[in-house]
Amino acid sequence: MPQITGLVFNVQRFSLHDGPGIRTTVFLKGCPLHCFWCHNPEGLHPWPEVQFFPGRCVGCGECEKVCPQGAQQFLADGSRFYDRVRCAQCGTCVEVCYAESLRLVGKRVTLEETLLEVLADRAFYETSGGGVTLSGGEPFLQPVFTRALLAACKVEGLHTAVETSACCPWEAMEAVLPVTDLWMVDIKHLDAEKHRQATGVSNRQILENIRRLAETDRPLTLRVPVVPGVNDTPAEIGAIAEFVHGLNLRRGPAAPPISLELLPFHRLAGEKYRSLGMDDAAAELTPPSAEQMASLVAAASLLSIRVTSR
Ligand code: SF4
Ligand code: SF4
């Protein structure tokens, strides 16, 4: 039988923001959305990529010697150039770059090795009420690996959580319902056109999947990245709160109420964008102030849903 593998770009141990307690968060690479403010740009593309940090380069020239594509270059004027078009993402240059100016992001890993890494912190999960969270990118872009890892973690008795955009076939989400203890689903905007402008995709499938998920009894938190000019008005956040309120009214008596979490946009991803040769379209945005976040929380709380913010 072929091994189950996934393309993972980070395994974050001792994570405190991806569900209850101390957790290990496994970030899967590749996302169907392209939110222009994304703070994990290294998770967008479903293939390995080389990050280049010019400030760390010591000019040793080792990468140029080993690159089979001629993509690592020193030009006649002495300047250093990494040609991303030529690069085949083989990772050979990364192995010889002891200055860590080059880094390969995205590694194909087996289910077994990922599970072992997750289990290493079992003692911390048990004392803190934590567990494992699958995030991304979008976990359901790799449905076989996601399902297998969640199921394996449940067999080990771990608390399991998923962070998802819900931009995927419902069947992928439905398949992991029995092995997922907590769902955290992003919601960016209720207006279809504004959603498409901000993320590159329609919100139709996302909202439909959220409605279906809400009809189950699984614990669910909807998370809104609050982004200036996208969804940062009391009216827009209030509309999302109304949507959540409507879902709660239709939820069965055994299901815990759906909560809402507002996450302020931050500008910490600039170096990641530069290292990947990507345009940081949110570089000029000003993060929402604490006062603005408080007023948005107040607007969302009018409907007696539980609203939190960071
Ligand atoms: S191997 Fe690393 S430090 Fe050396 S020239 Fe290449 S990028 Fe710079
Ligand atoms: S990843 Fe491979 S192809 Fe790309 S620059 Fe490095 S050695 Fe060359």
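Residues numbered from 1 in each chain as written. Chains lettered and ligands numbered in written order. Predicted model: local features only at pLDDT ≥ 70, side-chain atom pairs only at ≥ 80, totals over all residues. Heavy atoms only, no water.

Participant: Can you help me understand the environment of Arg 23 in this one?
Facilitator: By the element assignment, Arg 23 lies in strand E2 (residues 23-28). For Arg 23, the side chain forms a polar contact with the side chain of His 159, separated by 2.9 Å. (Helix = DSSP H or I, 4+ residues; strand = E, 2+ residues; numbered from the N terminus. Polar contact = N/O pair within 3.5 Å; in protein donor to acceptor, adjacent residues only side chain to side chain.)

Participant: When you look at the site of ligand 1 in this model, what are you seeing that I'm missing?
Facilitator: All residues in the neighbourhood of ligand 1 are listed as Cys 57, Val 58, Gly 59, Cys 60, Gly 61, Cys 63, Phe 74, Arg 80, Cys 97, Ala 99, Ser 101 and Leu 102. Tallied by class, the residues present in the shell around ligand 1 amount to eight nonpolar, three polar and one charged. (Near = heavy atom within 4 Å. Nonpolar A, V, L, I, M, F, W, Y, C, P; charged D, E, K, R; others polar.)

Participant: Help me understand the packing of aromatic side chains, please; the structure alone is not making it clear to me.
Facilitator: What the rule picks out here adds up to five aromatic pairs. Here the aromatic rings of Phe 14 and Phe 124 are separated by 4.9 Å at their centres, their planes lie at 80°, and the arrangement is edge-to-face. Pair noted here: Phe 14 is in strand E1 (residues 5-15) and Phe 124 is in helix H4 (residues 122-128), with a separation of 110 residues, a long-range link. The exposure class assigned to Phe 14 is partly exposed, which follows from its relative accessible area of 42%. The class for Phe 124 is partly exposed, based on a relative accessible area of 37%. (Phe/Tyr/Trp six-rings, centres within 6.5 Å; stacked < 30°, edge-to-face > 60°. Buried < 20%, exposed > 50% of the residue type's maximum accessible area, 1.4 Å probe, protein only.)

Participant: Help me understand the pattern of salt bridges in this model?
Facilitator: Opposite charge on two side chains makes pairing possible when the charged atoms of those side chains draw close. Under the criterion given, the structure shown has 17 salt bridges. Measuring nitrogen to oxygen at the nearest pair gives 3.7 Å for the salt bridge that ties Asp 83 to Arg 86. The residue Lys 188 makes a salt bridge to Asp 186 at a minimum N-O spacing of 3.3 Å. Look at Asp 186 and you get partly exposed, because its relative accessible area is 24%. Linked by salt bridges that have partners in common, Glu 163, Arg 223, Glu 261 and Arg 310 make up one network. (Salt bridge = Lys/Arg side-chain N within 4 Å of Asp/Glu carboxyl O.)

Participant: Just to check I follow, could you spell out the UniProt feature "domain: Radical SAM core" (unreviewed entry) in the chain for this structure?
Facilitator: With numbering matched to this structure, UniProt assigns "domain: Radical SAM core" (unreviewed entry) to residues 17-306. With 34% helix and 19% strand, residues 17-306 has end C-alpha atoms that lie 17 Å from one another. (UniProt positions renumbered as here; feature names shortened; annotations may be inferred.)

Participant: Looking at this structure, how should I read the pairing of strand E10 (residues 182-186)?
Facilitator: Consecutive side chains along a regular strand alternate between the two faces of the sheet. Most of E10 sits out of view: four of its five residues are buried. Judged from the four bridges that link them, strand E9 (residues 159-164) and E10 form a sheet pairing that is parallel. Note that in E10 the partner of Thr 164 across the bridge is Val 185. The sheet contact formed by E10 and strand E11 (residues 220-226) spans four bridges and is parallel. Note on E11: the bridge partner recorded for Val 185 is Leu 222. (Pairing = 2+ DSSP bridges.)

Participant: How do you make sense of the nonpolar core when you look at a structure like this?
Facilitator: Nonpolar side chains tend to gather and get buried jointly when the protein is soluble and globular. Grouped together as the largest cluster of nonpolar side chains are 71 residues, with contacts concentrated most on Trp 183, Leu 222, Leu 260 and Leu 262. Ignoring any residue separated from it by four or fewer positions in sequence, one finds Leu 262 in contact with Val 224, Val 226, Ile 237, Met 293, Leu 296, Val 297, Val 307, Thr 308, Ser 309 and Arg 310. In this structure, Val 50, Ala 71, Cys 97 and Leu 102 belong to the second largest nonpolar core, which totals 11 residues. (Core = buried A, V, L, I, M, F, W, Y, C linked by side-chain atoms within 4.5 Å. Contact = heavy atoms within 4.5 Å.)

Participant: How do you make sense of the domain arrangement of the chain when you look at a structure like this?
Facilitator: Interfaces are often sized by the amount of accessible area the parts lose when they come together. Per the domain assignment, the segments of the chain are domain 1 (5-46 + 107-309) and domain 2 (49-105). Of note, the centres of domain 1 and domain 2, computed from C-alpha atoms alone, are 33 Å apart. Each side of the interface is counted separately: domain 1 has 10 residues, and domain 2 has nine residues. On the domain 1 side of the interface with domain 2, the three residues burying the most area are Lys 29, Ser 275 and Leu 276, jointly 55% of the side's total. On the surface where domain 1 and domain 2 come into contact, there are one salt bridge. Here Glu 49 makes a salt bridge to Lys 29, at a shortest N to O gap of 2.5 Å. Our count for the domain 1 to domain 2 interface comes out at six residue pairs in polar contact (both at pLDDT 80 or more). The residue makeup of the side of domain 1 that touches domain 2, split by class, is two nonpolar, three polar and five charged. (Domains from an automatic or database assignment. Buried area = accessible area lost by both parts, 1.4 Å probe.)

Participant: How should helix H9 (residues 234-250) be read in this particular structure?
Facilitator: End to end, H9 covers 24 Å across 17 residues, agreeing with the expected 24 Å (1.5 Å per residue, within 8%). Within H9 the residues assigned to the buried category are Glu 236, Ile 237, Gly 238, Ile 240, Ala 241, Phe 243, Val 244, Gly 246, Leu 247 and Asn 248. Buried residues belonging to H9 abut helix H7 (192-199), helix H8 (204-214), E11, strand E12 (259-264) and helix H11 (290-301). (Expected span 1.5 Å × (residues − 1).)

Participant: Can you walk me through unusual backbone geometry in this structure?
Facilitator: When glycine is set aside, most residues are seen to have a negative phi, and most peptide bonds are trans. Cis geometry marks the peptide bond from Gly 136 to Gly 137; its omega dihedral reads 10°. Of note in this structure, Phe 14 is not a glycine but carries a positive phi near 55°.

Participant: I keep staring at the packing of helix H3 (residues 111-119) against helix H5 (residues 143-155) and nothing clicks. Help me out?
Facilitator: Each pair of packed helices can be summarised by the angle the axes make with each other and by the distance between the axes. Between H3 and H5, whose axes approach to 10 Å, the crossing angle comes to 45°. Judged on the interaxial angle alone, H5 and H3 are oblique. Taken as a pair, H3 and H5 cross one another with a handedness that is right-handed. Residue-level inspection shows Leu 111, Thr 114, Leu 115 and Val 118 of H3 in contact with H5, the latter providing Phe 145, Ala 148, Leu 149, Ala 152 and Cys 153. (Axes fitted to C-alpha atoms, helices over the stretch in contact; angles between N-to-C directions. Parallel < 35°, antiparallel > 145°, perpendicular 65-115°, else oblique. Left-handed = near helix turned anticlockwise from the far one by under 90°.)

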